[in-house]
Amino acid sequence: MSESRPPLPPFTRETALLKVRAAEDGWNGRNPEKVALAYTPDSRWRNRSEIFQGRPAIVAFLTRKWAREHEYRLIKEIWAWSDTRIAVRFAYEFHDASGAWFRSYGNENWEFAGNGLMAARHASINDLPIAEGERLFHWDRAGPRPADHPGLTELGL
């Protein structure tokens, strides 16, 4: 049986919104092996200055990322979509091993295969140091953002 991850392209506004929220929820679960299953086996990534391809590389990347980004919480917001592509803006908060807090802002461009798996992900990200009291993302540590937690626009980001 072939892999599939609905909703499938071509995307409507409603199905693109579902895809964005599913990606946000998956990343907030911080399980590299599970997250990697949303991507084609040969998915191509650019994340900051790293360029790599394939699920094993995705798992390795996410394992390294979440080992150094403690109490990671992410919010994604749709920016634009077409039949097979979705653009999002996002922000996430975390602290490093020394306890210093950061908010990272970025944009991602996604391209999907017909089976709904992401075939390409291009991410540009900037980090901003913040004080712990400036944090805006508050929900249980290893889970999705609650439906009533504000999104980026509502938070003024």
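To start, this report covers the structure provided alongside it. As the structure is a prediction and not an experimental result, all values here were calculated from the model.

## Things to note about the overall build of the chain
Thinking step 1. Broken down by element type, the chain carries 3 helices and 6 strands.
Thinking step 2. Taken over the C-alpha trace, the chain has a radius of gyration of 15 Å; the compact-globule value for 157 residues is 15 Å, and the two agree within 12%.
Thinking step 3. Viewed in the frame of its principal axes, the chain has a C-alpha envelope of about 45 × 30 × 25 Å.
Thinking step 4. For the chain, with 157 residues in total, the buried portion stands at 45%.
Thinking step 5. Sequence separation of 24 or more characterises 57% of the internal contacts of the chain that already satisfy a separation of 6 or more.
Thinking step 6. By element, 56% of the accessible surface of the chain is carried by carbon and sulfur atoms, the whole surface being about 8,100 Å².
Thinking step 7. The centroid of the 22 positive side-chain charges in the chain is displaced by 3 Å from the centroid of its 21 negative side-chain charges.

## Points about the environment of Arg13
Thinking step 1. Within the element layout of this structure, Arg13 appears in helix H1 (residues 13-29).
Thinking step 2. Its relative accessible area of 40% is what places Arg13 among the partly exposed residues.
Thinking step 3. Expressed as a C-alpha distance, the spacing of Arg13 and Leu74, which sit 61 residues apart in the sequence, is 21 Å.
Thinking step 4. When sequence neighbours within four positions are dropped, the list of residues in contact with Arg13 reads Ile78 and Trp81.

## Some details on empty space enclosed by the protein
Thinking step 1. A full pass over the atoms with the stated rule returns 1 cavity of 30 Å³ or more.
Thinking step 2. In this model, the largest cavity occupies a volume close to 70 Å³.
Thinking step 3. Those elements giving two or more residues to the lining of the largest cavity turn out to be helix H3 (55-68), strand E3 (70-81), strand E4 (85-95) and strand E6 (118-130).
Thinking step 4. Tallying contributions element by element places E3 first for the lining of the largest cavity, with 3 residues.
Thinking step 5. Here the residues of the lining of the largest cavity are counted per class, giving 7 nonpolar, 1 polar and 4 charged.

Reading the values: rules and limits
Residues numbered from 1 in each chain as written. Predicted model: local features only at pLDDT ≥ 70, side-chain atom pairs only at ≥ 80, totals over all residues. Heavy atoms only, no water. Helix = DSSP H or I, 4+ residues; strand = E, 2+ residues; numbered from the N terminus. Rg over C-alpha atoms; globule rule 2.2 N^0.38 Å. Buried < 20%, exposed > 50% of the residue type's maximum accessible area, 1.4 Å probe, protein only. Contact = heavy atoms within 4.5 Å. Areas by Shrake-Rupley, 256 points an atom, 1.4 Å probe, with all protein chains shown as cover. Lys, Arg positive; Asp, Glu negative; His and termini not counted. Charge placed at Lys NZ, Arg CZ, Asp CG, Glu CD. 1 Å grid on protein atoms, 1.4 Å probe; cavity = no way out; pocket = protein on both sides within 12 Å on 5 of 7 lines; lining within 4 Å. Points joined across faces, edges and corners; volume = space filled by probe spheres on them. Nonpolar A, V, L, I, M, F, W, Y, C, P; charged D, E, K, R; others polar.

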